[in-house]
Amino acid sequence: MDPQAKGEAMKTKFFVLSIILVMVLFSVFTQTASVSAQNPATQVQTIQAQTVLSEKDALKNVRVDESSGVATGVLPDLTIKDMCLEVDQTTSAESLRVLLANIGTRSADPFELGIKFIDSSDDTGYWYVDNLIGLNAGEEKWLSYSPRCCGVAPTHRVVKESVKFQAIADPTYLKAYGGYAPPYPVKSRIKESNEGNNSLTFSRAEIRSCKNIGRPTTPKIQTIKPVRP
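Since this is a predicted model, take the numbers as computed values, not measurements. (Residues numbered from 1 in each chain as written. Predicted model: local features only at pLDDT ≥ 70, side-chain atom pairs only at ≥ 80, totals over all residues. Heavy atoms only, no water.)

A few points about the overall build of the chain
And step 1. The secondary structure content of the chain amounts to two helices and 12 strands.
And step 2. Along the chain direction, N to C, the helices and strands of the chain fall in the order α-β-β-β-β-β-β-β-α-β-β-β-β-β.
And step 3. Out of the 229 residues belonging to the chain, those deemed buried represent 36%.
And step 4. Counting only contacts in the chain whose residues sit at least 6 apart along the sequence, the fraction spanning at least 24 positions is 72%.
And step 5. Entry remark: accessible area of the chain is about 14300 Å², with carbon and sulfur atoms responsible for 57%. (Helix = DSSP H or I, 4+ residues; strand = E, 2+ residues; numbered from the N terminus. Buried < 20%, exposed > 50% of the residue type's maximum accessible area, 1.4 Å probe, protein only. Contact = heavy atoms within 4.5 Å. Areas by Shrake-Rupley, 256 points an atom, 1.4 Å probe, with all protein chains shown as cover.)

Considerations on the packing of aromatic side chains
Each aromatic ring pair is specified by the distance between its two centres and by the angle formed by the two planes.
And step 1. Under the definition given, this model contains three aromatic pairs.
And step 2. Aromatic pair phenylalanine 117 and phenylalanine 165: ring centres 6.1 Å apart, planes at 90 degrees, arrangement edge-to-face. Of the two residues, phenylalanine 117 is situated in strand E3 (residues 111–118) and phenylalanine 165 in strand E8 (residues 164–169); the sequence distance between them amounts to 48 residues. The pair formed by phenylalanine 117 and phenylalanine 165 is uniform in burial state, with each residue classed as buried.
And step 3. With 5.5 Å between their ring centres and 55 degrees between their planes, tyrosine 128 and tyrosine 145 make a pair best called tilted. Of the two residues, tyrosine 128 sits in strand E4 (residues 125–132) while tyrosine 145 sits in strand E5 (residues 140–145), which places them 17 residues apart along the sequence.
And step 4. We classify tyrosine 128 as buried; its relative accessible area is 0%. (Phe/Tyr/Trp six-rings, centres within 6.5 Å; stacked < 30°, edge-to-face > 60°.)

What to know about the state of the cysteines
And step 1. Within the structure shown, the criterion is met by one disulfide.
And step 2. Sulfur-sulfur distance for the disulfide between cysteine 84 and cysteine 210 comes to 2.0 Å. Its S-S torsion of approximately 90 degrees makes the covalent link between cysteine 84 and cysteine 210 right-handed. Taken as a pair, cysteine 84 in strand E1 (residues 78–87) and cysteine 210 in the segment after strand E12 (208–209) lie far apart in primary sequence, 126 residues in all. Considered together, cysteine 84 and cysteine 210 belong to a single accessibility category, that of buried residues. (Disulfide = S-S within 2.5 Å.)

Some thoughts on the pattern of salt bridges
And step 1. All chains considered together, the criterion is met by four salt bridges.
And step 2. Notably, a salt bridge pairs glutamate 140 with lysine 81, separated by 2.9 Å at the nearest N-O pair. In this pair, glutamate 140 is assigned in strand E5 and lysine 81 in strand E1, connecting sequence segments 59 residues apart.
And step 3. Between aspartate 82 and arginine 208 there is a salt bridge; the shortest N-O distance is 2.5 Å. (Salt bridge = Lys/Arg side-chain N within 4 Å of Asp/Glu carboxyl O.)

Describing the side chain of glutamate 192
And step 1. Looking at where glutamate 192 falls in the secondary structure, it is placed in the loop between strand E10 (184–186) and strand E11 (199–203).
And step 2. With no salt bridge to any partner, buried glutamate 192 finds its closest opposite charge in lysine 191, at an N-O distance of 9.1 Å.
And step 3. Separated by 2.7 Å, the side chain of glutamate 192 and the backbone nitrogen of leucine 78 make a polar contact.
And step 4. In this structure the side chain of glutamate 192 is engaged in a polar contact, spanning 2.6 Å, whose partner is the side chain of asparagine 198. (Lys, Arg positive; Asp, Glu negative; His and termini not counted. Polar contact = N/O pair within 3.5 Å; in protein donor to acceptor, adjacent residues only side chain to side chain.)

Points about the sheet that holds E11
Within a beta sheet, neighbouring strands are joined by backbone hydrogen bonds and run either parallel or antiparallel to one another.
And step 1. Here four strands make up an open sheet; going across it, the order is E4-E3-E8-E11 and the pairing antiparallel. For this open sheet the edge positions go to E4 and E11, each flanked by a neighbour on one side alone. Mean inter-strand twist for the sheet, computed between neighbouring axes without regard to direction, equals 15 degrees.
And step 2. Two strands pair when backbone bridges link them, and E3 and E4 are joined in this way by eight bridges, in the antiparallel orientation. (Pairing = 2+ DSSP bridges. Axes fitted to C-alpha atoms, helices over the stretch in contact; angles between N-to-C directions.)

With respect to the sheet that holds E1
And step 1. Read across the sheet, four strands follow the order E5-E2-E1-E12 without closing on themselves; strand pairing throughout is mixed. Only two strands of the sheet have a single neighbouring strand rather than two, namely E5 and E12.
And step 2. With six bridges joining them, strand E2 (residues 94–102) and E5 adopt antiparallel strand pairing. Counterpart to leucine 100 in the pairing with E5 is lysine 141.

Structure follows, in structure tokens:
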């Protein structure tokens, strides 16, 4: 091979290797920017940049296997009881707060809470997943989310740009790692006594401010005056 042809071959090889390296780095950066299951009270949440799946795309409860409580009827029952918007008075940043409860008769093992942040009328937006350690029977808790999008240094405040919010306890959805990896289905984990009450949806026009949600009242203790004999 003459020197000129050899030089051209080396250039072509270098060009191909450069393309492969760029693809690998892009895949790594995309994975870094994918959904992170972090403590919302102490860390910045990032969000997966993808089109939100619609109801027809199986964002519903499909169990992985049968629970040991099926035969006895002793089962957990996950439900979303309420949602509200909270505004930070110093930064004007918005957070979505979700009231999650287990109203069943059995504690729930670890599961996921999925939230759809819809940013337009055609049901597109972002999908956030939080990994929870479980929920005891009769327990309820408020969770707060203020995720950002997209890339390695996310700056886009997702809640502020959303026009609709939907929280889904133990969802089934498609998960993608970014790059050219095909998405794969993630199925719900918990067998429940009622799988029809796992989601709650509010438009921005409907959802209340968190400051307008009443706190539970302290029960009054009845005092009985002593009766003279």
